[in-house]
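One-letter residues, chain by chain:
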Amino acid sequence: MIQQSNAQPKTVKAVGLISGGLDSILAAKIVQELGVKVQGVYFAMPWGCCDKTKALQASAQLGIDCIVLQLDERYLEIVKKPKHGYGSALNPCVDCRIHMFARAGQYMRSIGADFVFTGEILGQRPMSQMRHSLRMIERESQLEGCLLRPLCAQLLEPTIPEQEGLIDRQRLLNISGRTRKPQLELARRYQIKDFLPPAGGCLLTDKNFARRMKDTLDHGYRTFRETISLKWGRHFRYSKDFKLVLGRDEPENESLRSFAHSDDLIFEVENKKGPTLVLKGYDPGPEVLTIAAGLVQRFSSFKDSPEIEVEYWLVKDRTNIRKVRAKKLSDEEIERMKV
Ligand code: SF4
């Protein structure tokens, strides 16, 4: 708290991005020690790849309230066409941060907080944490002067809360680079033991997921919900109009069934004696139907049997079950369709 001229104490408030990783926890700890009331924000990825539980647990241990903001269709637009490009896979890290920080900024203004802070460290990541990227992200998220990076603040221009004396710059840190030593030392000092490994979890950095997402963005999708099911199953593309997704185990079969679009076709061996396949696309002809059935047979215990019949139905018309004879597929044919 600081004294205002009319002697009324002002509570300094800040919105902190909490991921559950060590850097975000340390940043919150440091800001709290400056007497600032911290409100946490956790951004949940549409694909559920990051660990919300850990972030909420960390917030509870810090004694701060944390809200969850969901990344949605707007985020998918960014993944589709990021202004600042991709990292090693389909991760649009700079645009992703701009989007999240801008939303954190809106939240900051809505609750009358004084600034936003993050656990970013100068030079830790080549794409989004070099000096020029930090500045650009701050500018494009409309947080100029209001975005504090407590772990490296002494190496950056003073922010408005520092200039106005709301927080003491001398008590902020000057960590830079990729080393984790100073953070681990601070974790020992603060007895922080439970945190996520650095940079873990984002599916957009996973080459397999990125390939499927790219295929979907290139060929189109009907609903945002459809993109969530990209994290399950084996994916095959028959043509630009038809895609086939096959569950690898029962939980995946179940997830694929429940996230299927109402115009998708579901393929299964009678009595569920094999994987579930979801065929995406409208009005498939006989060839694609036999291939869908062939994939179901190939990945079932009937792999070496003569061609079997596979049941299929439209998601929105579960009562109209039809049958199609599977086409035996060679490994080369399967490999060619793999996404
Ligand atoms: S790794 Fe994923 S969550 Fe993190 S900034 Fe990049 S795109 Fe965003």
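Residues numbered from 1 in each chain as written. Predicted model: local features only at pLDDT ≥ 70, side-chain atom pairs only at ≥ 80, totals over all residues. Heavy atoms only, no water.

**Some points on the domain arrangement of the protein**
As assigned here, the protein comprises domain 1 (2-200) and domain 2 (232-337). Here domain 1 and domain 2 have C-alpha centroids that lie 44 Å from each other. (Domains from an automatic or database assignment.)

**A short note on the environment of Glu-33**
With respect to the helices and strands, the residue Glu-33 is situated in helix 1 (residues 22-33). If we skip the residues at most four places from it in the chain, Glu-33 touches Arg-171 and Tyr-190. (Helix = DSSP H or I, 4+ residues; strand = E, 2+ residues; numbered from the N terminus. Contact = heavy atoms within 4.5 Å.)

**Re the packing of aromatic side chains**
Aromatic ring pairs: the centre-centre distance and the angle between the two ring planes describe each pair. The full count for this structure, using the stated rule, is 5 aromatic pairs. Residues Trp-47 and Phe-209 carry aromatic rings whose centres are separated by 5.6 Å and whose planes lie at 65° to one another, so their mutual orientation is edge-to-face. Here Trp-47 is found in the loop between strand 4 (37-44) and helix 2 (52-62), whereas its partner Phe-209 is found in helix 8 (residues 207-219), with 162 residues between them in sequence. Taking relative accessible area as the criterion, Trp-47 reaches 0% and is therefore assigned buried. Under the relative-accessibility criterion, Phe-209 is labelled buried at 3%. A ring pair is formed by Phe-236 and Phe-299, whose centres lie 6.2 Å apart and whose planes are at 45°; its orientation type is tilted. Separated by 63 residues along the polypeptide, Phe-236 in strand 8 (residues 234-237) and Phe-299 in the loop between helix 11 (286-298) and strand 12 (309-314) bring together distant segments of the chain. Using a relative accessible area of 0% as the deciding quantity, one classes Phe-236 as buried. (Phe/Tyr/Trp six-rings, centres within 6.5 Å; stacked < 30°, edge-to-face > 60°. Buried < 20%, exposed > 50% of the residue type's maximum accessible area, 1.4 Å probe, protein only.)

**Description of the site of the ligand**
Surrounding the ligand, one finds Met-45, Tyr-75, Asn-91, Pro-92, Cys-93, Cys-96, Arg-97, Cys-202 and Thr-205. Considering every element that reaches the shell around the ligand, the biggest residue donor is helix 4 (residues 93-111), with 3 residues. When its residues are assigned to classes, the shell around the ligand shows 6 nonpolar, 2 polar and 1 charged. (Near = heavy atom within 4 Å. Nonpolar A, V, L, I, M, F, W, Y, C, P; charged D, E, K, R; others polar.)

**Quick notes on the side chain of Asp-263**
Looking at where Asp-263 falls in the secondary structure, it is placed in the loop between helix 10 (250-259) and strand 10 (265-268). Residue classification places Asp-263 among the buried positions, given a relative accessible area of 18%. The contact partners of Asp-263, leaving out residues within four places of it in the chain, are Arg-222, Gly-281, Tyr-282, Leu-314 and Lys-316.

**Quick word on the sheet that holds strand 11 (residues 277-280)**
Taken together, the 6 strands give an open sheet; going across it, the order is 8-9-11-10-12-13, and neighbouring strands pair in antiparallel fashion. The open sheet is flanked by strand 8 and strand 13 (317-325), the only strands paired with a single partner. Adjacent strand axes in the sheet meet at a mean angle of 25°, parallel and antiparallel pairs treated alike. The pairing of strand 10 with strand 11 spans 3 bridges and is classified as antiparallel. Paired with Leu-265 across the bridge in strand 11 is Leu-279. (Pairing = 2+ DSSP bridges. Axes fitted to C-alpha atoms, helices over the stretch in contact; angles between N-to-C directions.)

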